[in-house]
Amino acid sequence: MNSSEILSHVDHTQLKAYATWDDIIKLCEEAIRLKTASVCVPPCYVGKIREAFTDQVRICTVVGFPLGYSVTEAKVAEVKQALLDGADEIDVVVNICDVKNHDFGAVKEELTKIRKACGTHILKVIIETCYLTEEEKIQLCGIITQTGADYIKTSTGFGTAGAKLSDIELFKEHIGSQVKIKAAGGIRSAESMEAFLNAGCDRIGSSSAAAVFEGDIRE
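The structure reproduced in this document is the subject of the present report. (Residues numbered from 1 in each chain as written. Predicted model: local features only at pLDDT ≥ 70, side-chain atom pairs only at ≥ 80, totals over all residues. Heavy atoms only, no water.)

### As for the side chain of Thr-156
Looking at where Thr-156 falls in the secondary structure, it is placed in the loop between strand E6 (151–153) and helix H8 (165–174). What makes Thr-156 buried here is its relative accessible area of 8%. Within the structure, Thr-156 has its side chain in polar contact with the side chain of Glu-128 (distance 2.6 Å). At 2.8 Å, the side chain of Thr-156 and the backbone nitrogen of Phe-158 are in polar contact. Residue contacts for Thr-156: discarding those within four places in its chain leaves Phe-65, Pro-66, Val-93, Ile-126 and Glu-128. (Helix = DSSP H or I, 4+ residues; strand = E, 2+ residues; numbered from the N terminus. Buried < 20%, exposed > 50% of the residue type's maximum accessible area, 1.4 Å probe, protein only. Polar contact = N/O pair within 3.5 Å; in protein donor to acceptor, adjacent residues only side chain to side chain. Contact = heavy atoms within 4.5 Å.)

This is the structure:
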């Protein structure tokens, strides 16, 4: 798998709490140059990116991030505002409190409402695997399939651990055929990106794409 093939699956990410507009401009310019799948950015920058870069870059943003325990109404409002501002894709954090309480009915109800708010836009559901048991992960695979999300995503990058290949294998066993997989958290080399893609991921969330690949692309 060559660099361009890998980069076409990368959501080039800048989600630091202290990210400046200069940081976001740099991210977008890198994404355009490297032809990444999207940029993944804080919601407050979506409108500015759309205005500054029009349709040169695909915009992904986050909802209920990074802890997931916002009330459903707040998450739905975040989704609607992000789409109004020009977002193309939404990465929402599942309510991990509901998951740990095994209130899977509440999880399903929330994701159903968020799916509706997203309309035809891509929806990725972050389940934060580092906090979950295998059974909880399996339950979420089923709910995410049933509620029509486009992707299941491993991690926010803010938890105690990031993506693991063993979780990708578990997802593949239990998600529906229409659900894709995004790995994120701690993926900082070309080798690890390729390994996750070969394992069955369709997207990789990483802030390291430019550092890893810029030399290859310029040659």
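### Quick look at the side chain of Thr-72
Relative to the helices and strands, Thr-72 resides in helix H4 (residues 72–85). Take Thr-72: its relative accessible area is 18%, and that puts it in the buried class. A distance of 2.7 Å separates a polar atom in the side chain of Thr-72 from a polar atom in the side chain of Glu-110. If we ignore the near neighbours within four places in the chain, the residues touching Thr-72 are Glu-110 and Lys-113.

### A word on the packing of helix H6 (residues 104–118) against helix H7 (residues 134–147)
Between H6 and H7, the shortest axis-to-axis distance is 9 Å and the interhelical angle comes to 35 degrees. With respect to the hand of their crossing, H6 and H7 are arranged in right-handed fashion. On the side of H6, the interface is formed by Phe-104, Val-107, Lys-108, Leu-111, Thr-112 and Arg-115, while H7 contributes Glu-136, Gln-139, Leu-140, Ile-143, Ile-144, Gln-146 and Thr-147. Here the residues of the contact of H6 with H7 are counted per class, giving six nonpolar, four polar and three charged. (Axes fitted to C-alpha atoms, helices over the stretch in contact; angles between N-to-C directions. Left-handed = near helix turned anticlockwise from the far one by under 90°. Nonpolar A, V, L, I, M, F, W, Y, C, P; charged D, E, K, R; others polar.)

Nothing here speaks to function; it is geometry throughout.
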